Amino acid sequence: IGEGASMIRTKGEPGTGKEIFAHAIHGSSLRSQKPFVKVDCADIPESRLEIELMGSELVSAEGSRECKLGKLEGANGGTLFLDEVGTLNESFQQKLYQILRDKSFQRVGGTRKINLDVRLITSTNRNLSEMVEKGLFHEELYNLLAGIKITLPPLRHHKEDVLTYAQSFIYKANRKLGKNVLGITTHGEQLLLDYHWPGNIQELRS
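> Looking at this structure, how should I read the overall build of the protein?
Each helix and strand counted, the protein has 9 helices and 9 strands in total. Along the first, second and third principal axes, the C-alpha atoms of the protein reach 65 × 45 × 35 Å. Residue burial in the protein is summarised as follows: out of 206 residues, 40% are buried. For the protein, long-range pairs separated by at least 24 residues make up 74% of all intrachain contacts whose partners lie at least 6 apart in sequence. Surface summary for the protein: the accessible area is close to 11,600 Å², and the carbon and sulfur share equals 50%.

> Can you walk me through empty space enclosed by the protein in this structure?
Rolled over the atoms, a probe sized like a water molecule indicates the empty space that remains. Per the counting criterion, the structure on display carries 1 cavity of 30 Å³ or more. Here the largest cavity defines a volume of roughly 30 Å³. As for the largest cavity, its lining consists of Arg9, Lys11, Arg126, Asn127, Leu128, Ser129, Tyr142 and Lys149. Put simply, the parts of the chain that give the lining of the largest cavity at least two residues each are strand E1 (7-11) and helix H5 (128-133). A per-class count over the lining of the largest cavity returns 2 nonpolar, 2 polar and 4 charged.

Procedures and definitions
- Numbers given for residues are sequential positions, taken from 1 along each chain in its written order.
- Given that this is a predicted model, residues contribute local features only at a pLDDT of at least 70 and side-chain atom pairs are listed and counted only at 80 or more, while totals for whole chains, interfaces and linings are drawn from all residues.
- Values shown for side chains rest on all heavy atoms present in the structure; no hydrogens or waters enter the calculation.
- Helix and strand labels come from DSSP, where a helix needs a run of H or I of at least four residues and a strand needs a run of E of at least two; each type is numbered from the N terminus.
- Partly exposed residues are those whose accessible area sits between 20% and 50% of the maximum for their type, while under 20% is buried and over 50% is exposed, using a 1.4 Å probe and protein chains only.
- Residue contacts are counted whenever heavy atoms from the two residues lie within 4.5 Å of one another.
- In short, Shrake-Rupley with a 1.4 Å probe defines the accessible areas, and a residue's cover is counted only from the protein chains shown.
- For cavity detection a 1 Å grid was placed over the protein atoms alone, and a set of points counts as a cavity when a 1.4 Å probe fits there but cannot get out; an open set counts as a pocket when protein lies on both sides within 12 Å along at least five of seven lines, with lining residues being those that have an atom within 4 Å of a point.
- Grid points are joined across faces, edges and corners, and a volume is the space filled by probe spheres set on the points.
- Ten residues, namely Ala, Val, Leu, Ile, Met, Phe, Trp, Tyr, Cys and Pro, are considered nonpolar, four, namely Asp, Glu, Lys and Arg, are considered charged, and the remaining ones, Gly among them, are considered polar.

Following this line, the structure appears as structure tokens:
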């Protein structure tokens, strides 16, 4: 959204690594030194969603203006990751469409137009095209988000990657916890490869 920006939509079962993929896209882009901001649309109450994303400008009882930056402004120049975009309510779908169309927004209670320059990545485990047909998702917003579509397969369909993911998680855990776990036993590796992984990469990480 903005000069040199792009919109990417990822789809997959819960836990298939949509956020990991979003981080990888950001990290390998020219925006890698700019912010990566994640918004979990399913976890923010509807009453707070607009302020969380767009920020606010409120006048206090003393007459001073208090500004709160939203996620959109925080991600400017970088990447905005909207996780589970299919859970947005109808009212905010319309607002988001207008923001993406105009490439600008105003804070809640504000009057100044803020230009938006972000790479937008959205994710969903829902069938948005079916939701559009049923009138549950804004058709024009859906068309805007359909720039580049990437479907992530469940882990059971690419089990050859299980051990690579596992070693990566061990490395990160070692750094975070100050440990020196070297790897997994042969028996342990076989258990990982034989498992069905209904919770996908998130289950493996846990």
